[in-house]
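Structural characterization, general
Next come the chains, spelled out residue by residue.
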Amino acid sequence: VLEEHLRQFQLTGLIAAFCGDSEKIVCGMTPFYHVILKLLDSAPTLAESPVTFNSPAVYSADNWCSDQLAGYAGMELSITPKALLASHANLWSAAEKIRETAILHFVKCILWYYENHARDLRRTIKFVLDLYGHGFFTSQRVFADVMDRFSRLYASSADLSFLVGTKREDLPQINAQLTRVSAQLPELSTDQFEPILKYLIDFVQDLASEARIATNADAWLMGLAKLAGPATFLGINFRAVDVKRLDVLTRAALSAIEEMGADLFAVGCRFRTFASENLPLGWDFTGPYEDLATKYRATFPEDEWLDRLTDDRLVMPQEIKELIVINGWERLPEIETPPRFRLNTPLLAIPLCIACERNPPQVRSIDFTTHALTVAMKYLDRDTATKPTVSAARSHLINYELTELIESVTNVAEAEMKFFADRIAEFLGRYPWHALPMFLTATQVTSQPHRETASTALRLALLSAPYYIDAWRALAKLAEDNGNQDDAVALRSTADSLRALVEGRP
Amino acid sequence: LKITSLVRLAEEAAYAAQDRRNLSGSIENVGKFEENFAALDSSHDGIYAFLAFHPVADQQVLDYVIEGTLGDDAGPHILALFLSPAYVGQPREAKPIDAQLGVKLTGEQHPAYELARDFFPSNAKPRLPGLIFFDFLSQPKDSIYVILQGNDVSAIRWQCREVFESANKAQLTQCTGGDGTRWNLDFDRFAASLSGMSIQYQRAGHIGIRAAALIVGVWVKKNAKALVTAIPKIIQLGVKIKSAGSI
């Protein structure tokens, strides 16, 4: 649970940089941050043990327990979950309030990493991209500023060897020296910038290949999100550098990445607009690209246009392309996007909702029909004096459907399990991130053979609704039934402290 | 080894050379091969080398391509090309299948053989595998066919490296008008150094140097869609030996 929650935390930063509002993320993230802190307070052993999953990190003022300034947790750094959390939270907050300080902090850590890892530029750039991929930058602009500053310092004639072998206790000297060398940063020449550009291009091409083979909507979205920052940075530099000094392969690659960046920006905007207009969530890979596809069809031969479209533009995953190949473009309106591509799973509920200011239970899928909403509007119109709002009608409709669902599934006999599962699935089809049906699934299947299903359902419920006290309790009960007494105690204690938090008790 | 399609590279080179960006990107000015190839010629500071082989009969060359050093061996001034059966667009990692065009074709039917034929006297049997160097994609003026010999991958690797190294040494800087210069190959000097290393080559066959080059140009256009470029790996160009900025 902890690892999943930490991962959600990181993904929120990444999604915010892709399609969210970085200004609101710090505020939006606070409640979820507290959930993880409560979970850690309730499980002291876990809180004290170092993070074992691979994640990059840079030091921060709070909870940092390593003498190193930057590196990979689980490999190069021994840091606790709280240190990793603080590393994110402090930098997010700084990036909004004291941007220049945040940029300097990143640059310092990146230069330190470079000087202390044999001045391996490739490895260092991979580290920066990993920081981006793990949500350390909540805006592409901060990423671009950091890359720009790092590139200048890298290319300058400044002697940075004072960083070699330094530890955290040397920070005062490091800061003083860095301030001195940063004072006179030269303009970057294209020749000096070239190695950095080349490595970035190489990594961006690999990230694009990775995104293309995504097998579900989550992998696709994360693939695009990881690309957005570096592609935008390269796009800016396609204009800024003297491209004539670059070899033709680099020049062509930069030009293509600039185009890719424009597509990624459009996808990000689409997510943002859909969220602000409260439109259903989901991926429709064919509809929005019909015009583009028509252009490609007109330009290239029949056996080539689709390859070109999907390869030139990052608009659909390989699998969707194959569906079009099998069915033919003419039958496009009949082609249904497979469910795993239609919608992001609850594993991205927190990142997408916080970054785009959505409320998970209110999120509708593209299978939601407006007919039901119209009926609800009419119903409300009859009872109230003022004209009902769409939002009121939506709440009314969800409440009505929930009551009906609870009634229909309460006390179902074992024999009616199929009916129960169908009703839940039907509801989740319309409101995919509503935690209650997930919770209901779990509570109906607690007997031994289904414990894994129950545990998954509860964990997903907690990702859509982190303050769902009953779900924390149910998960504790499940741990107890499985004989994991320590986990049960920690989960129950988390539930208690969250309740206290909600009720405003200390 | 990363590869990219030659046609795609030429299109993007033409698009990058213009000041304007289009709503739908580079496809809005997909010109004719000739125009894009000319744009690639003027953006590329160097020449081209096509690795001609049959993927079954010349298994050792296929293995060399799969090893992944072709682009690095050629260096930044020589775009190394080979034929690929798969769709290759934007730069991506190559799979072994990407270098296996014409597995089912006999040696004589293979497009690589078709090109080799024009370099050999009419009474001699063309020999694969080979490396064909030429100076321009659109309207080449000079070309040379270097015969590769050796039954195993290490022999091919060694020979390709020797040949590329010698080509890189036989550089001829040409003025392109104004202050511009272009890296070109001094074909005569290159041929002389090949002779010095006892590496066999064919320059003109029965048709003359200029005509052979023209035929290369026609062949490239005909097979353009299947041609891919091996992208050199990034060597640590900018490694600071000391941290004092000396590169």
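As a reminder, the structure under discussion sits directly above these lines.
Quick caveat, the model's predicted, so the values are computed rather than measured. (Residues numbered from 1 in each chain as written. Chains lettered and ligands numbered in written order. Predicted model: local features only at pLDDT ≥ 70, side-chain atom pairs only at ≥ 80, totals over all residues. Heavy atoms only, no water.)

1. Things to note about the packing of helix 18 (residues 390-409) of chain A against helix 19 (residues 417-430) of chain A
Residues and elements named next belong to chain A. One can describe the packing of helix 18 onto helix 19 by two numbers: an axis separation of 10 Å at closest approach and a directional angle of 165°. By the angle between their axes, helix 18 is roughly antiparallel relative to helix 19. Here helix 18 runs over helix 19; the crossing is left-handed. Where helix 18 approaches helix 19, its residues Glu-401, Leu-402, Glu-404, Leu-405, Ser-408 and Val-409 are matched on the opposing element by Phe-419, Phe-420, Arg-423, Ile-424, Phe-427 and Arg-430. (Axes fitted to C-alpha atoms, helices over the stretch in contact; angles between N-to-C directions. Helix = DSSP H or I, 4+ residues; strand = E, 2+ residues; numbered from the N terminus. Parallel < 35°, antiparallel > 145°, perpendicular 65-115°, else oblique. Left-handed = near helix turned anticlockwise from the far one by under 90°. Contact = heavy atoms within 4.5 Å.)

2. Here we look at the sheet that holds strand 6 (residues 143-147) of chain B
Residues and elements named next belong to chain B. Strands sit in the order 4-1-10-3-2-5-6-9 across an open sheet of eight strands; the sheet is mixed. This sheet does not close on itself; its edge strands, each paired only once, are strand 4 (92-93) and strand 9 (201-202). Strand direction decides the pairing type here: strand 5 (residues 130-134) and strand 6, joined by five bridges, are antiparallel. Looking at strand 6, one finds that Gly-130 is bridged to Ile-147. (Pairing = 2+ DSSP bridges.)

3. Considering the interface of chain B and chain A
Listed as interface residues are 44 residues of chain B and, on the opposing side, 46 residues of chain A. A combined buried area of about 3,500 Å² lies between chain B and chain A, and 54% of that area is made up of carbon and sulfur atoms. Note that Lys2(B) is salt-bridged to Asp202(A), the shortest N-O span being 2.5 Å. Linking chain B with chain A are 10 residue pairs in polar contact (both at pLDDT 80 or more), by the criterion used here. Within the residue set of the side of chain B that touches chain A, elements represented by two or more residues are strand 1 (2-5), helix 1 (6-17), helix 2 (33-43) and strand 10 (227-231) of chain B. (Buried area = accessible area lost by both parts, 1.4 Å probe. Salt bridge = Lys/Arg side-chain N within 4 Å of Asp/Glu carboxyl O. Polar contact = N/O pair within 3.5 Å; in protein donor to acceptor, adjacent residues only side chain to side chain.)

4. Things to note about the environment of Asn399(A)
Take Asn399(A): it is sitting in helix 18. Along the sequence, Asn399(A) and Leu69(A) sit 330 residues apart, while their C-alpha atoms lie 50 Å from each other.

5. Thoughts on helix 13 (residues 305-312) of chain A
Where burial is concerned, most of helix 13 of chain A is hidden: eight out of the eight residues are buried. Every buried residue of helix 13 of chain A is listed here: Trp305(A), Leu306(A), Asp307(A), Arg308(A), Leu309(A), Thr310(A), Asp311(A) and Asp312(A). Each element contacted by the buried residues of helix 13 of chain A is listed here: helix 9 (190-212), helix 12 (290-299) and helix 14 (318-327) of chain A together with helix 1 of chain B. (Buried < 20%, exposed > 50% of the residue type's maximum accessible area, 1.4 Å probe, protein only.)

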